[in-house]
Amino acid sequence: MAEVSDIAVYQKLTAIADELDQMAAEGASLVGDAALTTAARTVRGMASAVYGHIMDSADETPDS
């Protein structure tokens, strides 16, 4: 199995969250809308955590 970069994970999670938001906007029921909105928020939180890790890693400088 090939390795997946952190940025690829971030991008995929963001795309999934966008898709969930779109589905919620098109949903027919309040229950479905609530479930999709909650799922999108959760996935965005995961994406945010990955992004924070990416930025923390970028700020690290190698020891001399």
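Quick caveat: nothing in here was measured; it's all calculated off a predicted structure.

Criteria and thresholds
Residues numbered from 1 in each chain as written. Predicted model: local features only at pLDDT ≥ 70, side-chain atom pairs only at ≥ 80, totals over all residues. Heavy atoms only, no water. Helix = DSSP H or I, 4+ residues; strand = E, 2+ residues; numbered from the N terminus. Rg over C-alpha atoms; globule rule 2.2 N^0.38 Å. Buried < 20%, exposed > 50% of the residue type's maximum accessible area, 1.4 Å probe, protein only. Contact = heavy atoms within 4.5 Å. Areas by Shrake-Rupley, 256 points an atom, 1.4 Å probe, with all protein chains shown as cover. Salt bridge = Lys/Arg side-chain N within 4 Å of Asp/Glu carboxyl O.

Asker: When you look at the overall build of the chain in this model, what are you seeing that I'm missing?
Answerer: In terms of regular secondary structure, the chain is built from two helices and zero strands. Radius of gyration (C-alpha) of the chain: 16 Å, far over the 11 Å computed for a compact globule of 64 residues. Reported as C-alpha extents along the three principal axes, the dimensions of the chain are approximately 60 × 25 × 15 Å. Taking all 64 residues of the chain together, the buried fraction comes to 16%. Within the chain, residue pairs in contact and separated by at least 24 positions form 63% of the contacts whose partners lie at least 6 positions apart. Summed over its atoms, the accessible surface of the chain is roughly 5,000 Å², and 59% of this surface lies on carbon and sulfur atoms.

Asker: Please explain the pattern of salt bridges as it appears in this structure.
Answerer: All told, the structure shown has two salt bridges when counted by the stated rule. Residue R44 pairs with D18 through a salt bridge whose shortest N-O separation is 2.7 Å. With a gap of 26 residues between them, R44 in helix α2 (residues 30-59) and D18 in helix α1 (residues 6-26) connect regions that are remote in the sequence. Residues R44 and D21 are paired through a salt bridge, measuring 2.6 Å at the closest nitrogen-oxygen approach. Taken together, the residues R44 in helix α2 and D21 in helix α1 connect sequence positions 23 residues apart.

Purely spatial values, then, with no claim about function.
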